[in-house]
Amino acid sequence: VMLFFRQKYKKYQLLLRKSESEYRSFMQETLADLTVIKTFRMEDRNQQKMEDFKTKRLRLIFLNSRLSSIITAIMRLVYSLGYVVAFCWGSYRISKGEITYGTLTVFITLVSQVQGAVSNLAGVVPKMYSMLVSSKRICEVSENDKEVYSGKTDVPDSVALEIENVSFSYDDNKPEIISDLSYSVRAGEKIGIIGPSGAGKTTLIRMLLALTAPTKGEMVYRFDSGRGEAVSPDSRRFIAYVPQGNTLMTGTIEENLKIGNKDATEEMMFKALKMASAYSFVNKLPDGLKTVLSEKSGGISEGQAQRIAIARAFISDKPVLILDEATSALDEENEAVILKNISDEYQDKTCFIITHRNSMLKYCDKVLKLSENT
Ligand code: ADP
């Protein structure tokens, strides 16, 4: 019976799981972006969308339950028919004098015992199909390429970079975002990366961090010892990265800074905050370093959160620093202070700085300009 209905049963299970994850992500997104929803007056639209999700889910649950009931009813019918057949067959054999009434009683008892076992076994089959569907969805996630770390922990003093004929496209059928890029960066150089939105600046940074691999070409980090190392997830051991947006975690400012270096002393934290132009505002907070930031850095402004994120990178004291529009929420004055501090105090560190203010390029040694057809 289960074999007969298995395609339909699997289909409903798959649709149910999908609708559940859609529903949950919608809920999560709604709660995370309440401000956008309120300011765009999206309450009614979102409520309607939620109703649609609920109706769709309810219908799927109904269809799935109905199918399960049909399967169970057919199975019960088959069992009962088996019982009746056994009884009729026994009665016939008694009437012929081939078996005794005692044999029939024992036989019927045995049939009911076997039925119980078979019934339990049959109950496992729908569970098995439901598990198969779930495991298939988990496999889809786990099929993403696994990152391999070789376990290297050595952090070089200085790092240069060679980019040779690198091209990248997200899809074989799509045009290249970066085409045949060759570029050399000496240890300690500050590179300003500029270009219009969509030119591939973040994509290039993602390649430097080995979050994405080039489709063609090579990227090699060169150390002071002269040794070269192709970009790989291991490279992250010597890179401090400040991504776009607000990336502070829920917790105190101190806990956030210690993500950069768990052994950081108060003195180290203050030094990093000063360099990130964040010391004076942190010092003015009643709880200072112990100030608790709620979800999405609640309690401080976006520019202040960015400066703490930059201090977190400073505290990790890596030879390569990447700022991906990390100063976008800052006023020009604070951005200039931070970039000047980097230029003055980070002479041995190689820095990649994506910025939209051309006036900041004076703090860089070289400018890499990406255009839509780089
Ligand atoms: P930038 O940082 O210069 O604004 P990005 O590197 O973020 O640009 O994006 C470069 C181009 O790649 C854009 O056209 C963008 O639409 C595309 N892109 C970015 N991420 C993806 C992705 N995950 N899949 C497909 N295309 C993407």
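Q: When you look at the overall build of the protein in this model, what are you seeing that I'm missing?
A: Counting secondary structure elements, the protein contains 10 helices and 11 strands. The globule rule puts the C-alpha radius of gyration for 374 residues at 21 Å, and the 32 Å found for the protein is more than 25% above it. With the C-alpha coordinates of the protein rotated into their principal frame, the extents come out at 110 × 50 × 40 Å. Put simply, of all contacts in the protein between residues at least 6 apart along the chain, 72% involve residues at least 24 apart. By element, 55% of the accessible surface of the protein is carried by carbon and sulfur atoms, the whole surface being about 22000 Å². Measuring between centres, the 50 positive side-chain charges of the protein sit 11 Å from its 46 negative side-chain charges.

Q: What am I meant to see in the nonpolar core here?
A: Formed by 42 residues in total, the largest nonpolar core has its most connected members in I253, L257, F314, L321, L323 and I342. Looking at this core, the elements that each hand over two or more residues are β6 (239-242), α6 (253-257), α7 (266-275), α8 (279-284), α9 (302-316), β9 (320-324), α10 (332-345) and β10 (350-354). No other element matches the eight residues that α9 contributes to this core. Contacts of L257, omitting those with residues within four sequence positions, involve M269, L273, L289, I308, A311, R312 and I315. With 30 residues, the next largest nonpolar core counts L161, F168, L204 and I205 among its residues.

Q: What am I meant to see in the sheet that holds β6 here?
A: Pairing in this open sheet of five strands is parallel, and the strands run β6-β9-β10-β3-β11 from one edge to the other. A strand with exactly one partner marks an edge of an open sheet, and here the two such strands are β6 and β11 (366-369). Pairwise comparison of adjacent strand axes, ignoring direction, gives a mean angle of 15° for this sheet. Along the sheet, α9 makes contact with β6 and β9, crossing β6 at roughly 180°. With respect to the sheet, α10 is in contact with β3 (190-194), β9 and β10, its orientation differing from that of β9 by roughly 165°.

Q: Sorry, what's going on with the pattern of salt bridges here?
A: In a structure, side chains of opposite charge can pair up when their charged atoms sit close to one another. Applying the stated criterion across every chain, the model contains 19 salt bridges. K54 serves as the salt-bridge partner of E51, at 3.7 Å between the closest nitrogen and oxygen. Placement of both E51 and K54 in helix α3 (residues 43-95) is noted, with a separation of three residues, approximately one turn of the helix. Among the salt bridges present, the one from E189 reaches K366, with a minimum N-O distance of 3.3 Å. Taken together, the residues E189 in the loop between β2 (178-185) and β3 and K366 in strand β11 connect sequence positions 177 residues apart. With relative accessibility at 26%, the residue K366 sits in the partly exposed group. One network of salt bridges, in which partners are shared, links K152, D154, R227, E229 and R237.

Cut-offs applied
- Residues numbered from 1 in each chain as written.
- Predicted model: local features only at pLDDT ≥ 70, side-chain atom pairs only at ≥ 80, totals over all residues.
- Heavy atoms only, no water.
- Helix = DSSP H or I, 4+ residues; strand = E, 2+ residues; numbered from the N terminus.
- Rg over C-alpha atoms; globule rule 2.2 N^0.38 Å.
- Contact = heavy atoms within 4.5 Å.
- Areas by Shrake-Rupley, 256 points an atom, 1.4 Å probe, with all protein chains shown as cover.
- Lys, Arg positive; Asp, Glu negative; His and termini not counted.
- Charge placed at Lys NZ, Arg CZ, Asp CG, Glu CD.
- Core = buried A, V, L, I, M, F, W, Y, C linked by side-chain atoms within 4.5 Å.
- Buried < 20%, exposed > 50% of the residue type's maximum accessible area, 1.4 Å probe, protein only.
- Pairing = 2+ DSSP bridges.
- Axes fitted to C-alpha atoms, helices over the stretch in contact; angles between N-to-C directions.
- Salt bridge = Lys/Arg side-chain N within 4 Å of Asp/Glu carboxyl O.

Any functional reading would require information that these geometric values do not contain.
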